[in-house]
Amino acid sequence: MPKILNITGLEKTYSSGNKQLTVLQNISFDVEKGQTFSIVGPSGSGKTTLLGLCAGLDQPNSGSIELCGEDLKNLNEDERAQLRNKNVGFIFQNFQLLPTLTALENVSVPLELQGNKDAVKKSLDLLEKVGLGDRVHHYPSQLSGGEQQRVALARAFANAPSILFADEPTGNLDEETGEKVIQLLFELNKEAGTTLVIITHDLDLANRTQQILRLKGGRILTNERTAVL
Ligand SMILES: Nc1ncnc2c1ncn2[C@@H]1O[C@H](COP(=O)(O)OP(=O)(O)O)[C@@H](O)[C@H]1O
Ligand SMILES: [Mg+2]
């Protein structure tokens with residue numbers, strides 16, 4: 001299968017004052033197009049840092065990242081942002097909706113900014129699909145955590161990304177609500193053929209993806225396929 005993400009020899013060091021902290025070391029792995037992939041590891045093991053590097057939000061000290069066929073080293077910040085706008089979706093633990101926009105606007109405004117003429121219709125369809133057809137004019141503060149995360153799902157899928165990164169998508173949700181969000185995530189993913197990279201410390205969730213990369217202390221412990229087809 002063709003690769004959508006190709007990581008080789010990644011290293012990331014943070015420095016504060018004269019102290020150096022290496023948080024990722026010797027990281028190499030691939031994600032295939034259309035695959036469901038999870039990254040697991042204890043808190044502080046470097047998962048969020050790794051995701052930021054994979055998506056071109058941050059730069060490594062050494063190693064290379066190829067995303068959607070582009071070596072991120074060869075792109076400037078604007079070009080990386082363009083690549084993200086076109087190809088990448090994000091879901092965060094704390095939803096990250098804009099508080100001054102309604103559910104509908106949170107989904108439609110990014111699409112409008114990209115010049116999509118059907119932004120509102122498309123957003124309404126997606127909000128309907130995640131079960132929020134009757135909440136589209138609500139503001140984030142008027143929605144429950146699970147509802148906010150479903151808005152974030154609609155937003156993430158709106159521009160039909162080829163790869164979607166979800167960082168602890170159920171971290172702030174109770175078990176039942178989290179399960180609903182995950183089911184929707186897998187459903188939308190299947191329908192759209194999106195590649196899904198989920199960061200989680202929920203092993204049950206990781207076991208529902210096709211491949212699991214385990215991190216510990218900034219290094220890869222294992223990288224294994226699961227029985228999921
Ligand atoms: N901007 C930063 N500056 C300095 N250290 C950081 C920064 N971001 C993360 N770290 C450190 O890097 C390590 C990995 O953090 P993180 O990637 O957030 O781990 P995880 O998502 O697995 O919990 C932690 O020790 C954290 O304190
Ligand atoms: Mg994290």
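Parameters and conventions
- Counting from 1, residues in each chain are numbered in the order their sequence is written.
- Lettering of chains starts at A and numbering of ligands starts at 1, both following the order in which they are written.
- Note on the predicted model: pLDDT of at least 70 is required for a residue's local features to be given, and 80 or more for side-chain atom pairs to be given and counted; whole-chain, interface and lining totals, by contrast, use all residues.
- Neither water nor hydrogens contribute to the side-chain values; these are computed over all heavy atoms in the structure.
- Helix numbering and strand numbering both begin at the N terminus, where a helix is a DSSP run of H or I of at least 4 residues and a strand a DSSP run of E of at least 2.
- Accessibility here uses a 1.4 Å probe with only protein chains present; expressed as a share of the type maximum, an area under 20% marks a residue as buried, one over 50% as exposed, and anything in between as partly exposed.
- Whether two residues are in contact is decided by their heavy atoms: any pair within 4.5 Å suffices.
- For the purpose of counting charges, residues Lys and Arg are taken to be positive, whereas Asp and Glu are taken to be negative. His and the chain ends are not included.
- A single reference atom marks each charge: NZ on Lys, CZ on Arg, CG on Asp, CD on Glu.
- Cavities and pockets are defined on a 1 Å grid built over the protein atoms alone: a cavity is a set of grid points where a 1.4 Å probe fits but cannot escape, while a pocket is an open set with protein on both sides within 12 Å along at least five of seven lines, and lining residues are those with an atom within 4 Å of any such point.
- Grid points are joined across faces, edges and corners, and a volume is the space filled by probe spheres set on the points.
- The rule for a residue being near a molecule or strand is that one of its heavy atoms must lie within 4 Å of it.
- Here a polar contact means two N or O atoms within 3.5 Å. Within protein one must be a hydrogen donor candidate and the other an acceptor candidate, and residues neighboring in sequence count only if both atoms are side-chain atoms.
- Side-chain classes are defined by residue name, with Ala, Val, Leu, Ile, Met, Phe, Trp, Tyr, Cys and Pro counting as nonpolar, Asp, Glu, Lys and Arg as charged, and the others, Gly among them, as polar.
- Two strands pair if DSSP finds at least two bridges between them.
- Only one rule defines a salt bridge in this text: a Lys or Arg side-chain nitrogen within 4 Å of an Asp or Glu carboxyl oxygen.

S.K.: Can you help me understand the overall build of the protein chain in this one?
M.R.: Along the backbone of the protein chain there are seven helices and ten strands. If you line up the protein chain on its principal axes, its C-alpha atoms span 50 × 40 × 40 Å. The buried share among the 229 residues of the protein chain stands at 48%. Within the protein chain, counting contacts between residues at least 6 apart in sequence, those at least 24 apart form 66% of the total. Counting 23 positive and 28 negative side-chain charges, the protein chain places the averaged centre of each group 3 Å from the other.

S.K.: I'm lost on the layout of surface pockets in this one. Help?
M.R.: If a probe the size of a water molecule is rolled over the atoms, the empty space left behind becomes visible. Its volume calculated, the largest pocket comes out at about 600 Å³. Residue lining of the largest pocket: 22 residues in total, with Asn 85, Val 88, Phe 90, Pro 110 and Arg 155 positioned closest to the centre. Listing elements by their share of the lining of the largest pocket, those giving two or more residues are helix H2 (77–87), strand S6 (88–91), helix H3 (103–113) and helix H5 (145–158). Take the lining of the largest pocket: its biggest share by element is six residues, from H3.

S.K.: Sorry if this is basic, but what is going on with the site of ligand 1 here?
M.R.: Neighbouring ligand 1 are the residues Tyr 14, Val 23, Pro 42, Ser 43, Gly 44, Ser 45, Gly 46, Lys 47, Thr 48 and Thr 49. A distance of 2.9 Å is found between an oxygen atom of ligand 1 and a side-chain nitrogen or oxygen belonging to Lys 47. Here Thr 48 contributes a side-chain N or O atom positioned 2.9 Å from an oxygen atom of ligand 1. Ranked by the residues each element gives to the shell around ligand 1, the list is headed by helix H1 (residues 47–54), at three residues. Class assignment of the residues belonging to the shell around ligand 1 gives a composition of three nonpolar, six polar and one charged.

S.K.: What's the story with the pairing of strand S9 (residues 211–216) in this structure? I'm lost.
M.R.: In regular strands, side chains alternate between the two faces of the sheet. Of the pairings in the sheet, the one linking strand S3 (residues 36–40) to S9 comprises four bridges and is parallel in character. Bridge assignment links Ser 38 to a residue of S9, and that residue is Ile 212. Here six bridges tie S9 to strand S10 (residues 219–225), and the two strands are oriented antiparallel to one another. Across the sheet, the residue bridging to Ile 212 is Glu 224, located in S10. Where S9 folds back onto S10 in an antiparallel hairpin, the turn is made up of two residues, including Gly 217, whose phi is positive at roughly 55 degrees.

S.K.: Could you clarify how one ought to interpret the pattern of salt bridges in this entry?
M.R.: For side chains of opposite charge, pairing can occur when their charged atoms come near one another. Tallied over the full model, the rule gives eight salt bridges. Among the ionic pairs, Glu 32 bridges to Arg 225, the shortest N-O distance being 2.7 Å. Taken together, the positions of Glu 32 in strand S2 (residues 19–32) and Arg 225 in strand S10 put the pair 193 residues apart, joining distant regions of the chain. Notably, a salt bridge pairs Lys 129 with Glu 191, separated by 2.7 Å at the nearest N-O pair. Linking Lys 129 in helix H4 (residues 119–129) with Glu 191 in helix H6 (residues 175–192), this pair joins segments that are 62 residues apart in sequence.

S.K.: Is there a simple way to explain the sheet that holds strand S1 (residues 3–16) in this structure?
M.R.: In a beta sheet, neighbouring strands pair by backbone hydrogen bonds and run either parallel or antiparallel. If you walk across this open sheet you meet the four strands as S2-S1-S4-S5, and the pairing is antiparallel. Looking along the sheet, the strands with just one partner apiece sit at the ends: S2 and strand S5 (70–71). Alignment of S1 against strand S4 (residues 62–67), held across five bridges, turns out to be antiparallel. When the bridges of S4 are listed, Leu 5 appears paired with Leu 67.

Such coordinate-based values are descriptive only and should not be taken to indicate function.
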